[in-house]
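So the chains spell out like this:
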Amino acid sequence: MVPLLFCHTLLLVSTGIALRASPLAAQQRDTTQLGARGRIESNPQLTVRETVGPIRLDGRLDDADWARADSIIDFRQREPEEGAPASERTTAKVLRDNDALYVAIRAWDRNMPDLRATQLRRDAELDSDDNLTLLIDSFHDRRSGFLFRTNANGAMWDAQIAGSERSDVDWNGIWTVATSRDSSGWSAEFRIPFRSLRFESGASAAFGFNIRRFIRRTNEEVLWQSWGRAQGLSQLQNAGDLVGLGVLSRARNVELKPYVLARVVTPEYSTVGDRTAASSSSVKSGLDAKVAVSPTLTADLTVNTDFAQVESDRQAINLSRFPLFFPEKREFFLESGNTFAFGTPGNAQLFYSRRIGVRDGRPVPILGGARLYGKHGPWTLGVLDARTGGDDDINAAVVRVKHDVLDRSYLGAIATQRSGPGAVGAERSAGIDGNFPLVIRDHNLEPSFWVAGTRVPGTPGTAFAWRAVVDYPNDLFDNVASVARVNAGFKPALGFVRRTGFIETTGAIRYMPRVDAFGIRKLEFKPTPSWRIVADETGNLADARTWQTADFEWRFLGAKLQSGDEFELNLQRAMDAPPEAFEVFDGIDIAGGKYWFTRGEVQVSSSTGRPLSVDAEVRWGEFYDGRSTTVALDATWRGGGHVIFGADVARTSAHLPSGSFTAIETAGRLEYAVNPRANFLAFVQFNNEDKRADFNLRFHWIPTIGDDFYVVWSSGYTTDADARYRFPSRASLARQLNGAFVVKAVHRFAP
């Protein structure tokens, strides 16, 4: 059955499209006009004028230089009506001086009372609001670029993109924006220093360029270029060109960011009230440096690193027999983190940065680290080395390279090593990969692969893992199929592997016809079930007797409404064959064996454009040799831009022969933003398996872009009913299981 489904997917991928790739290289270099469906027959140009006088960054666009700048006025819809003129007028202009690029956008709006502007915090998701996004491809290679986004409040969001890979939203550039509103619309004025971009110096410069506007009340997406449904802002080969920039040079500048941190750790108690640690206080300092090794290569250095300001991990109750994957949150590893990505995220990846500076779920000191990343001609390069101290005492090294091939594809390699006194020896891993995004007659087709091996002291030979994927991400059909294998001994010391010793196939066929009735924008069906089948390493995928786990899902009906609301109805069939008993919840075991279970699922999501948005999910049916019901609710209220409140709860009630249990996870989040550079976050979470409540309060102030000031308080309390000092408690004051108060100041020097 599985090979048949795999072939079915490949057949749908190729149906109706000729197997002849468009000559993208020729398309990218010509400069005349748009073709059908937003496909670039050429790259339209906008000439950048040089400023005569100073530009006041106030969002009013009344400087004399703006009056003589060339304009972009032709914006077209990607949603809801592909290629139709935008319902609201948008104009854009670009200027430059010796140091920076200036972009002015006027977003006309005939219904300003319904303008949505709720976010103020730096790097907050702006999808809930009307927003404007700039794409600048400063390498002008149609492969990579920078995104700069704002809303009518002047909130700042930025990211890096590289080809068809996901955006690196953790990149924080040095740039500014100012906005203003009036009765007929709103305006945004961006200033983006050339030193924040990456480009080759010396020649007459040209940048790839695009603009996207999103109108929240109608969920309308309009772009200057690349407005085809199978395209969008990340399809850099369809962007326009900024010309007239002249000869640009990027100095090999150095940025220094020293920090000073003061910490007070409160007394710690056990769950029975015994004191386990005394209070302490300390003052610490460190340094981060960013050095432009070349105009396109950057080195990051860190000494005596501390991540005390990072938000706490989200608690999670694990009702499976496999380890949980927690995302990276530390800035040093996040920025340009996609450069080092290799493998299948959350399943089998060769490099997982949380292996550095975290041991057994607790932080260990990072004495120092260095990274080199960027581009040199057709090569993308990433090198990382970090040294930890304390009881970890290891050195972690990673080298990652990619070489451009074809128009947007790459072939790459990676090598990692974990060594040092804290390691049992040098643990090494290496791999090669490739990604080949193609456009075939206005349809996307993306095959990719990776192969890796590991060598561990004490284990003879090399253990291998690999995966091959064919993706067909388009508007009417969105299909994917993959095959993977991970040998039993595969163990990347700096990576993450959910399980080993298996062969796996996954896939999905999504059919998404568009309708214009009953307020529906798009329906979604899975005409055949999506699947994920994991069999024994030597087993036959078509033989269910060899399967370790299997998951199938039929989507009988799913829909996205014009309002932005969504819903789906699913039927799921799952199998798990634990080789031995495991604890599914505190005191409740699942015996070894093979279990099949069938479940129903309903998911409903309301538009984030509403003041109150809600995500709800209900799953019910068989669960191993019993039954369970899960209800999850996530609600967020967004006011006029200063206050945002969110709360979520997930409750699973299970009844098994070995016993019954109710698992509860809940969290609350309060955000108050004074302005785009000062905000307060309060986060509380609880789960009844760990029987504890954790609090995290954080104030973040950005005096100037690049500087940071944090005040953080975190604390955890037991909620065990048998504990003498529990939270909440009327009989006595709760005592902290752990607690810390931190003040951290960071200043950026850019000589």
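Model, not experiment: these values are computed from the prediction.

1. Here's the deal with the overall build of the chain
In step 1: Looking only at helices and strands, the chain has four helices and 50 strands in total.
In step 2: Rg of the C-alpha trace for the chain: 27 Å, near the compact-globule value of 27 Å for 751 residues, within the 12% margin.
In step 3: In terms of its C-alpha atoms, the chain occupies a principal-axis envelope of roughly 75 × 65 × 55 Å.
In step 4: Counting every position in the chain, which comprises 751 residues, the buried fraction comes to 52%.
In step 5: By sequence separation, contacts in the chain at least 24 residues apart represent 59% of the contacts at least 6 residues apart.
In step 6: For the chain, the accessible area works out to roughly 31,900 Å², and carbon and sulfur atoms hold 57% of it.
In step 7: Across the chain, the centroid of the 89 positively charged side chains sits 1 Å from that of the 91 negatively charged ones.

2. Regarding the sheet that holds strand β21 (residues 348-349)
In step 1: The three strands are arranged β20-β21-β33 in an open sheet whose pairing can be described as antiparallel. Each edge of the open sheet carries a strand with a single partner, namely β20 (343-344) and β33 (496-497).
In step 2: Relative to β21, β20 runs antiparallel, the two sharing two bridges. Looking at the pairing, Thr344 lines up with Ala348 of β21.

3. What to know about the pairing of strand β34 (residues 502-511)
In step 1: With respect to burial, β34 is a largely interior element, eight of its 10 residues being buried.
In step 2: Two strands pair when backbone bridges link them, and strand β32 (residues 477-486) and β34 are joined in this way by 10 bridges, in the antiparallel orientation. Bridge assignment links Val480 to a residue of β34, and that residue is Ala508.
In step 3: In this structure, β34 lies alongside strand β37 (residues 530-536), joined through six bridges in antiparallel fashion. By the bridge assignment, Ile503 is partnered in β37 with Ala535.

4. Topic: the layout of surface pockets
In step 1: In this structure, the largest pocket occupies an estimated 1,400 Å³ of space.
In step 2: When contributions to the lining of the largest pocket are tallied by element, the ones reaching two or more residues are β15 (254-265), β18 (280-294), β23 (362-363), β48 (692-701), β49 (708-718) and β50 (736-746).
In step 3: When grouped by side-chain class, the residues that make up the lining of the largest pocket number 14 nonpolar, 13 polar and 14 charged.
In step 4: Approximately 580 Å³ is the volume found for the second largest pocket.
In step 5: Around the second largest pocket sit 21 residues that line it, and Arg355, Val358, Asp360, Ala493 and Gly495 are the ones nearest its centre.
In step 6: Of the residues belonging to the lining of the second largest pocket, the class tally is 10 nonpolar, three polar and eight charged.

5. Looking at the side chain of Arg408
In step 1: Topologically, Arg408 is positioned in the loop between β26 (395-405) and β27 (409-419).
In step 2: Of the buried charged residues, Arg408 lacks a salt bridge, with Glu446 as the closest side chain of opposite charge at 6.6 Å.
In step 3: Excluding anything up to four places from it in sequence, Arg408 contacts Arg142, Arg143, Gln235, Gln237, Pro437, Leu438 and Val439.

6. Considering the confidence of the model for the chain
In step 1: Averaged over all residues, the pLDDT of the chain equals 88, while 93% of them reach at least 70.
In step 2: When the criterion is pLDDT under 50, residues 1-40 qualifies, and its contacts beyond four places in sequence or with other chains add up to 92 contacts.

7. Quick look at the packing of aromatic side chains
In step 1: According to the stated counting rule, one finds 26 aromatic pairs in the structure shown.
In step 2: Taking 5.9 Å as the distance between ring centres and 40° as the angle between the ring planes, the aromatic pair formed by Phe199 and Phe207 counts as tilted. Each member of the pair, Phe199 as well as Phe207, carries the same accessibility label: buried.
In step 3: Ring geometry for Phe597 versus Tyr624: centroids 5.2 Å apart, planes at 45°, classification tilted. Of the two residues, Phe597 is situated in strand β42 (residues 595-605) and Tyr624 in the loop between β43 (612-623) and β44 (626-638); the sequence distance between them amounts to 27 residues.

8. What about the environment of Tyr725?
In step 1: Checked against the element boundaries, Tyr725 lands in the loop between β49 and β50.
In step 2: In this structure Tyr725 comes out as buried when scored by relative accessible area, which is 12%.
In step 3: Taking C-alpha positions, Tyr725 is 7.3 Å from Thr271, a pair spaced 454 residues apart along the chain.

9. Quick word on a nonpolar patch on the surface
In step 1: On the surface, a nonpolar cluster with roughly 610 Å² of combined accessible area is contributed by Leu612, Trp637, Val643, Phe645, Leu670, Tyr672 and Val674.
In step 2: Taken together, the elements giving at least two residues each to the nonpolar patch come down to β45 (643-656) and β46 (659-675).
In step 3: If you tally residues by element for the nonpolar patch, the top one is β46, at three residues.

10. Re the pattern of salt bridges
In step 1: Scanning the model with the defined rule gives 49 salt bridges in all.
In step 2: Notably, a salt bridge pairs Arg371 with Asp300, separated by 2.8 Å at the nearest N-O pair. Taken together, the residues span a long stretch of sequence, with Arg371 in strand β24 (residues 366-376) and Asp300 in strand β19 (residues 297-305) at a distance of 71 residues.
In step 3: Classification of Arg371 as buried rests on a relative accessible area of 2%.
In step 4: Asp300 sits in the buried class, given a relative accessible area of 6%.
In step 5: The partner of Asp586 in a salt bridge is Lys691, and the shortest N-O contact between them spans 3.4 Å. Here Lys691 lies in the loop between β47 (678-687) and β48 and Asp586 lies in the loop between β40 (582-585) and β41 (588-590), a separation of 105 residues in the sequence.
In step 6: Look at Asp586 and you get partly exposed, because its relative accessible area is 44%.
In step 7: Residues participating in the shared-partner salt-bridge network are Glu79, Arg229, Asp475, Arg514, Arg521 and Lys522.

Definitions and cut-offs
Residues numbered from 1 in each chain as written. Predicted model: local features only at pLDDT ≥ 70, side-chain atom pairs only at ≥ 80, totals over all residues. Heavy atoms only, no water. Helix = DSSP H or I, 4+ residues; strand = E, 2+ residues; numbered from the N terminus. Rg over C-alpha atoms; globule rule 2.2 N^0.38 Å. Buried < 20%, exposed > 50% of the residue type's maximum accessible area, 1.4 Å probe, protein only. Contact = heavy atoms within 4.5 Å. Areas by Shrake-Rupley, 256 points an atom, 1.4 Å probe, with all protein chains shown as cover. Lys, Arg positive; Asp, Glu negative; His and termini not counted. Charge placed at Lys NZ, Arg CZ, Asp CG, Glu CD. Pairing = 2+ DSSP bridges. 1 Å grid on protein atoms, 1.4 Å probe; cavity = no way out; pocket = protein on both sides within 12 Å on 5 of 7 lines; lining within 4 Å. Points joined across faces, edges and corners; volume = space filled by probe spheres on them. Nonpolar A, V, L, I, M, F, W, Y, C, P; charged D, E, K, R; others polar. Salt bridge = Lys/Arg side-chain N within 4 Å of Asp/Glu carboxyl O. pLDDT = per-residue confidence, 0-100. Phe/Tyr/Trp six-rings, centres within 6.5 Å; stacked < 30°, edge-to-face > 60°. Patch = residues over 30% accessible without salt bridge, like charges linked within 9 Å, V, L, I, M, F, W, Y side chains within 5 Å.

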